[in-house]
Amino acid sequence: YTEGLAATNQIVVGGAFLHGHKIEVGTQESGILTVDGQQVIAGFPGSYSGAGFSVTYDSVGEVPDVVPEGNEKRVVHMDLPLGVKVTVFQWANYMDVQIDMSKQPGQDGVCGNFNGNQGDDTTQTIMAR
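Let us look at the structure shown here. This is a predicted model, so every value here is computed, not measured. (Residues numbered from 1 in each chain as written. Predicted model: local features only at pLDDT ≥ 70, side-chain atom pairs only at ≥ 80, totals over all residues. Heavy atoms only, no water.)

1. Quick word on the pairing of strand β7 (residues 74–79)
Stage number 1. Relative to β7, strand β6 (residues 53–58) runs antiparallel, the two sharing 5 bridges. By the bridge assignment for β7, Asp-58 is matched with Val-75.
Stage number 2. Two strands pair when backbone bridges link them, and β7 and strand β8 (residues 85–90) are joined in this way by 6 bridges, in the antiparallel orientation. Paired with Arg-74 across the strands is Gln-90, a residue of β8.
Stage number 3. Taking the residues between adjacent antiparallel strands as the criterion, β7 and β8 are bridged by 5 residues, where Leu-82 takes a positive phi near 65°. (Pairing = 2+ DSSP bridges. Helix = DSSP H or I, 4+ residues; strand = E, 2+ residues; numbered from the N terminus.)

Pasting the structure below:
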């Protein structure tokens with residue numbers, strides 16, 4: 001299904017900015033959509049609100065690529081503290097993930113360093129910093 005390329009099949013979001021909470025999302029086949037290890041959305045569509053964050057599960061959103069053949073469009077929207085938004089396009093056996101956020105102090109890595117130069121966000125240039 002990915003023609004030999006790497007694919008994302010699970011994402012976990014957590015940390016101090018979520019006050020110790022952990023949101024976990026997997027593929028449609030895995031059935032993983034939990035907060036702190038507990039299934040909080042029983043059906044599709046659905047939503048959940050936690051302490052300072054919300055998770056919505058629906059079919060709304062512009063697909064970053066194409067809907068894979070034979071897949072139903074399912075989208076997990078995480079509205080998180082500090083204006084961080086994580087959108088997971090959940091397919092049968094892989095996921096597309098989009099992260100929207102403002103610049104954070106000291107930010108660097110594969111999400112970039114917000115200097116407007118995508119050319120210095122490669123693994124080689126990040127490791128050289």
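2. Section: the pattern of salt bridges
Stage number 1. Taken as a whole, this structure holds 3 salt bridges when the rule is applied.
Stage number 2. Measuring nitrogen to oxygen at the nearest pair gives 3.0 Å for the salt bridge that ties Lys-85 to Asp-79.
Stage number 3. Assessed through its relative accessible area of 41%, Lys-85 is described here as partly exposed.
Stage number 4. Asp-120 is the salt-bridge partner of Arg-129, the closest N and O atoms lying 3.8 Å from each other. (Salt bridge = Lys/Arg side-chain N within 4 Å of Asp/Glu carboxyl O. Buried < 20%, exposed > 50% of the residue type's maximum accessible area, 1.4 Å probe, protein only.)

3. Considerations on the packing of aromatic side chains
Stage number 1. In this structure the tally under the stated criterion is 2 aromatic pairs.
Stage number 2. Note on Phe-44 and Tyr-57: the rings are 5.0 Å apart at their centroids and 80° apart in plane angle, and the pair reads as edge-to-face. Of this pair, Phe-44 sits in the loop between β4 (38–39) and β5 (46–50) while Tyr-57 is found in strand β6, placing the two residues 13 residues apart along the sequence.
Stage number 3. For Tyr-57, a relative accessible area of 9% puts it in the buried group.
Stage number 4. When the ring of Tyr-48 is compared with that of Phe-53, the centres are 6.3 Å apart and the planes differ by 50°; the resulting orientation is tilted.
Stage number 5. With a relative accessible area of 4%, Phe-53 lands in the buried category.
Stage number 6. The ring of Phe-44 is capped by Arg-74, whose NZ or CZ atom sits 4.1 Å from the centre of that ring. (Phe/Tyr/Trp six-rings, centres within 6.5 Å; stacked < 30°, edge-to-face > 60°. Lys NZ or Arg CZ within 6 Å of the ring centre and 35° of its normal.)

4. Side note on the sheet that holds β4
Stage number 1. Strand order in the open sheet formed by 4 strands is β1-β2-β3-β4, and the pairing between neighbours is antiparallel. Bordering the open sheet on either side are β1 (10–14) and β4, each of which pairs with just one other strand.
Stage number 2. Here 3 bridges tie strand β2 (residues 22–26) to strand β3 (residues 33–35), and the two strands are oriented antiparallel to one another. Directly across from Ile-23, in β3, lies its bridge partner Val-35.

5. Overview of the nonpolar core
Stage number 1. Counting residues in each nonpolar core, the largest one holds 18 residues, and the members touching the most others are Ile-23, Val-25, Val-55, Val-76, Met-78, Leu-80 and Val-88.
Stage number 2. Counting residues per element, the ones that place at least two in this core are β1, β2, β3, β6, β7 and β8.
Stage number 3. The biggest single contributor to this core is β6, with 3 residues.
Stage number 4. Setting aside chain neighbours within four positions, we find Val-55 in contact with Ile-23, Leu-33, Ile-41, Gly-46, Ser-47, Tyr-48, Val-76, His-77 and Met-78.
Stage number 5. Val-63, Val-75, Phe-89 and Tyr-94 belong to the second-largest nonpolar core, a separate cluster that totals 5 residues. (Core = buried A, V, L, I, M, F, W, Y, C linked by side-chain atoms within 4.5 Å. Contact = heavy atoms within 4.5 Å.)

6. A closer look at the side chain of Thr-87
Stage number 1. Considering the arrangement of structural elements, one finds Thr-87 in strand β8.
Stage number 2. Residue contacts for Thr-87: discarding those within four places in its chain leaves Val-75, Val-76, His-77, Asp-96, Val-97 and Gln-98.

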